[in-house]
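Commentary on secondary and tertiary structure
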Amino acid sequence: MSKPLPQSFYERDALVVAEELLGQHIHHGGVVLRITEVEAYRHPGDTANHCRMGRTKRNAPMWGPGGHAYVYLCYGMHNMLNLVTGADGEGAAVLIRACEPVSGHELILERRRSEAMRPVLLTGPGKVASALALDTSFSGHALFRPRGLLSVREGDAPSAIVRGPRVGIGYATPEHQAAPWRLAIGGSVWVSARRGLQ
DNA sequence: AACACGATGGACT
DNA sequence: GTCCATCGTGTTA
């Protein structure tokens with residue numbers, strides 16, 4: 001098995017890390033997924049960022065150094081996987097919004113209660129965490145440990161990248177709602193709402 | 001202690 | 001396109 005991406009990979013601007021995360025592989029719970037869609041949440045000054053109001057118990061992992069998971073519960077039922085980026089105290093992360101299956105197909109189908117490997121299976125942040133069997137107990141988990149439970153390893157670089165505004169951030173300023181900080185692999189069918197991507 | 005609401009997803013028209 | 005399940009968290013009192 002390949003080595004996890006090093007912690008230094010994450011200790012850069014969220015938008016740079018987001019772009020380079022496309023195509024990389026997430027390993028957990030007997031499943032490997034290739035990242036096809038991400039969103040960068042930068043700080044300070046990003047009014048869509050969970051860290052915009054300061055440090056809380058929930059967002060504490062996001063304030064730590066890059067290379068750790070930040071998982072939170074959304075709408076009382078969906079777990080969202082973020083990979084923390086930047087330096088200690090920065091408060092930035094990349095949300096994993098969609099993936100394509102690499103291995104562990106049976107487990108993925110079981111966890112998503114589906115019978116077919118079609119794109120809707122893994123297109124959406126809640127679906128990704130579900131397929132990986134991740135919940136908030138993994139928030140703060142290091143991603144770069146050689147024998148860590150959850151890790152991100154080298155995958156296949158994308159042939160093209162498309163960009164668009166982030167999804168579901170109506171509470172942010174118009175400027176931040178419009179920022180093209182959602183990135184996806186161009187031409188991939190494993191991408192959520194294609195609207196706004198170009 | 002009460003309250004409003006969310007970086008969504010699935011079912012349905 | 002519309003509706004809404006479901007609950008932890010942050011805010012307010």
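Scroll up a little and you will see the structure.
Residues numbered from 1 in each chain as written. Chains lettered and ligands numbered in written order. Predicted model: local features only at pLDDT ≥ 70, side-chain atom pairs only at ≥ 80, totals over all residues. Heavy atoms only, no water.

1. Considering the protein's contact with DNA strand B
- Around DNA strand B sit 21 residues, and of these His 50, His 78, Asn 82, Gly 126 and Tyr 171 come closest.
- Sugar and phosphate atoms constitute 52% of the interface atoms of DNA strand B, taking the interface as everything within 4 Å of the protein.
- One nitrogen or oxygen atom from the side chain of His 78 is found 2.7 Å from a base oxygen belonging to DNA strand B.
- Secondary-structure elements contributing two or more residues to the surface near DNA strand B are strand S4 (78-85), strand S5 (92-103) and helix H5 (125-131). (Near = heavy atom within 4 Å. Polar contact = N/O pair within 3.5 Å; in protein donor to acceptor, adjacent residues only side chain to side chain. Helix = DSSP H or I, 4+ residues; strand = E, 2+ residues; numbered from the N terminus.)

2. Some points on the packing of aromatic side chains
- Taken as a whole and assessed by the stated rule, the structure comprises two aromatic pairs.
- Taken together, a centroid distance of 5.2 Å and an interplanar angle of 85 degrees make the contact between Phe 9 and Tyr 10 edge-to-face. Neither residue differs from the other here; Phe 9 and Tyr 10 are each classed as buried.
- Here Tyr 70 and Tyr 72 contribute two aromatic rings whose centre-to-centre distance is 5.5 Å and whose plane-to-plane angle is 25 degrees, an arrangement assigned as stacked. Of the two residues examined, Tyr 70 and Tyr 72, each falls in the buried class.
- Here the basic side chain of Arg 42 rests over the ring of Trp 181, its NZ or CZ set 4.7 Å away from the ring centre. (Phe/Tyr/Trp six-rings, centres within 6.5 Å; stacked < 30°, edge-to-face > 60°. Buried < 20%, exposed > 50% of the residue type's maximum accessible area, 1.4 Å probe, protein only. Lys NZ or Arg CZ within 6 Å of the ring centre and 35° of its normal.)

3. Overview of the protein's contact with DNA strand C
- Taken together, the residues surrounding DNA strand C are Met 53, Thr 56, Arg 58, Leu 73, Tyr 75, Gly 76 and Met 77.
- Backbone sugar and phosphate groups make up 70% of those atoms of DNA strand C lying within 4 Å of the protein.
- A distance of 2.4 Å separates a base oxygen of DNA strand C from a polar backbone atom of Tyr 75.
- Interatomic distance of 3.4 Å between a backbone N/O atom of Gly 76 and a sugar or linking oxygen of DNA strand C.

4. Focus: the side chain of Arg 182
- Within the secondary structure layout, Arg 182 lies in strand S8 (residues 182-185).
- Given a relative accessible area of 1%, Arg 182 falls into the buried group.
- In this structure the side chain of Arg 182 is engaged in a polar contact, spanning 3.3 Å, whose partner is the backbone oxygen of Ser 192.

5. Some words on the nonpolar core
- The biggest cluster of nonpolar side chains holds 40 residues, and the ones touching the most others in it are Ile 26, Leu 33, Leu 81 and Ile 96.
- Element by element, the count of residues in this core is highest for strand S2 (residues 31-41), at five residues.
- Non-local contacts of Leu 33, meaning those with residues more than four positions away in its chain, are made with Gln 24, His 25, Ile 26, Cys 99, Glu 100, Pro 101, Val 102, Ile 108, Leu 122, Val 128, Ala 131 and Leu 132.
- Met 62, Trp 63, Tyr 70 and Tyr 72 belong to the second-largest nonpolar core, a separate cluster that totals 14 residues. (Core = buried A, V, L, I, M, F, W, Y, C linked by side-chain atoms within 4.5 Å. Contact = heavy atoms within 4.5 Å.)

Purely spatial values, then, with no claim about function.
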